[in-house]
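The primary structure of each chain is shown beneath.
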Amino acid sequence: MSTLWHGRFDGDPADELMAYTASIGFDVRLAPDDIAGSRAHVRMLGRVGLLTDAEVDEVLAALDQTEQELSSGEFDFAPGDEDVHTAIERRVTELAGPAGAKLHTGRSRNDQVATDLRLFAKRELAAIAADVIALQQVLLERAVAAGDTYLPGYTHLQRAQPVLLAHHLLAHGWALARDVDRLADARTRLDVSPLGAGAVAGSSLPLDPDMTAAELGFAARFDNSMDAVSDRDFVAESLFALTMVAIHLSRLGEEVVFWTSEEADFATLDDAYATGSSMLPQKKNPDIAELARAKAGRFIGNLTGLLATLKGLPLAYNRDLQEDKEPLFDTVDQVRLGVRAMTGLLSSIAFNTEAMAAAADAPTSAATDLAEYLVAQGIPFRDAHAVVGDLVRQSLEGEASLADLVRADPRLGDAAAELLTPGIPVTHRTTPGGAGPEPVAAQLEQFRARLNADAARFD
């Protein structure tokens, strides 16, 4: 069995070693990035005179054929292919002969894999950011369509004050906007080419890492070869940014689970985005929302596992870093699926506006409005809070309805009792960023402008 490092060793590696250390089973998805990095490296070798023009053409043609074989499924993997990088170099050498054997000139798998993974992360973070923006667009559309629909706003999962449904939906939209920022920020920081760093110390050959960085579309090249091959901050940052997306999907999922319960009855899932029960014929289950909650824990595990791997590594490259790919691949794939599934769910969910309003119209939901009415009359807020709290207590104990108690109280009276009229309290939310009609109208325009700006960032 031939390996890239067989010259130093006598005999074949143990089967157990190959089975335990091989990464070809999962890093094959880096093949397009490895091909791209190899093309840039070969062109650079030709530019600096380490390959002739004819050799460059031969190797590039072999890379083209290898790429075609990989994409079509015709590529034959060999027993000695430890990883995708080994497999591609072996096949290029088979096709291009001695010229192919020069492909790895001045390059190590250490800087090669770091380059591939950065190319992968850069592309995938942009794609997921675009998906998140599409989810935000649905939230915006549903918020606009919601009009003056209102529901209870909750604290501690207890009804607090009425809020416009548009305000509630946009709260999730703004959280996702921070995720887009984090994805963009992580992507900017990882936009550095490690190619040319070699195994640890660079090379004595006249390499031009600035050229390969430019060829690959990186914003810059590395500054320190040891850091370049051992840095996986960008994987940890990517995992954190993606995990925060998942955390926000989880919170949104919890809202959906609650809203679609028979107890709340605020919303109904479209049949296409719900599942049934194998035993209970009447069931309509919010599985997408529930899995959004569960998978967030899985991604937290991926992030935590990588951080634990990185925490004690000495400089520079160590094989431990092979463990960076599976958590990244898993999180990328599952977050993308989750964002798209929640986008479909929210685009098709039906809101029960009557049930929302009925829940929000409980007289106690206007308690803060009553206290603020007293404040406007010059009563200190803490005293006003106590007055209204006492009236709420009396109404709950059955002495009289809250409206009657308010009318009978000389500090409040009929004018204050009007605040308990259904649909009125939410109209009193007037402060910027608040949940009433005027600030929400302004917020819709701000959110629309933010979405347009973010879409342009990832266009």
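Refer to the structure above for everything that follows.
Residues numbered from 1 in each chain as written. Predicted model: local features only at pLDDT ≥ 70, side-chain atom pairs only at ≥ 80, totals over all residues. Heavy atoms only, no water.

Trainee: Whenever I open this one, a nonpolar patch on the surface confuses me. Can you help?
Mentor: A cluster of nonpolar side chains, contributed by V200, M226 and L315, occupies part of the molecular surface with about 260 Å² of accessible area. In this fold, L315 is placed in the loop between α11 (287-310) and α12 (325-348). (Patch = residues over 30% accessible without salt bridge, like charges linked within 9 Å, V, L, I, M, F, W, Y side chains within 5 Å. Areas by Shrake-Rupley, 256 points an atom, 1.4 Å probe, with all protein chains shown as cover. Salt bridge = Lys/Arg side-chain N within 4 Å of Asp/Glu carboxyl O. Helix = DSSP H or I, 4+ residues; strand = E, 2+ residues; numbered from the N terminus.)

Trainee: Explanation requested: helix α6 (residues 109-146) in the structure shown.
Mentor: Think of an α-helix as turning once every 3.6 residues; residues three or four places apart then point the same way. With 38 residues, α6 should reach 56 Å at 1.5 Å per residue; the first-to-last C-alpha distance of 55 Å fits that figure. With respect to burial, α6 is a largely interior element, 29 of its 38 residues being buried. Sitting at the amino-terminal end of α6 is S108, which places a side-chain oxygen 2.9 Å from the backbone nitrogen of N110. Note on α6: the residue one or two positions beyond its end, G147, has a positive phi of about 55°. (Expected span 1.5 Å × (residues − 1). Buried < 20%, exposed > 50% of the residue type's maximum accessible area, 1.4 Å probe, protein only. Polar contact = N/O pair within 3.5 Å; in protein donor to acceptor, adjacent residues only side chain to side chain.)

Trainee: Just checking my understanding: could you explain the packing of aromatic side chains for this structure?
Mentor: Aromatic ring pairs are defined here through the distance separating the ring centres and the angle between the ring planes. This structure, assessed with the given rule, holds six aromatic pairs. Measuring from ring centre to ring centre gives 6.2 Å for F258 and F266, while their planes differ by 75°; the resulting arrangement is edge-to-face. A residue is classified by how much of its surface remains accessible, and F258, at 23% relative accessible area, is partly exposed. The class of F266 is buried, set by a relative accessible area of 2%. A connected cluster of aromatic rings, assembled from ring pairs, spans Y154, F258 and F266. Across the ring face of F329, the terminal group of R29 is positioned such that the distance to the ring centre comes to 4.7 Å. (Phe/Tyr/Trp six-rings, centres within 6.5 Å; stacked < 30°, edge-to-face > 60°. Lys NZ or Arg CZ within 6 Å of the ring centre and 35° of its normal.)

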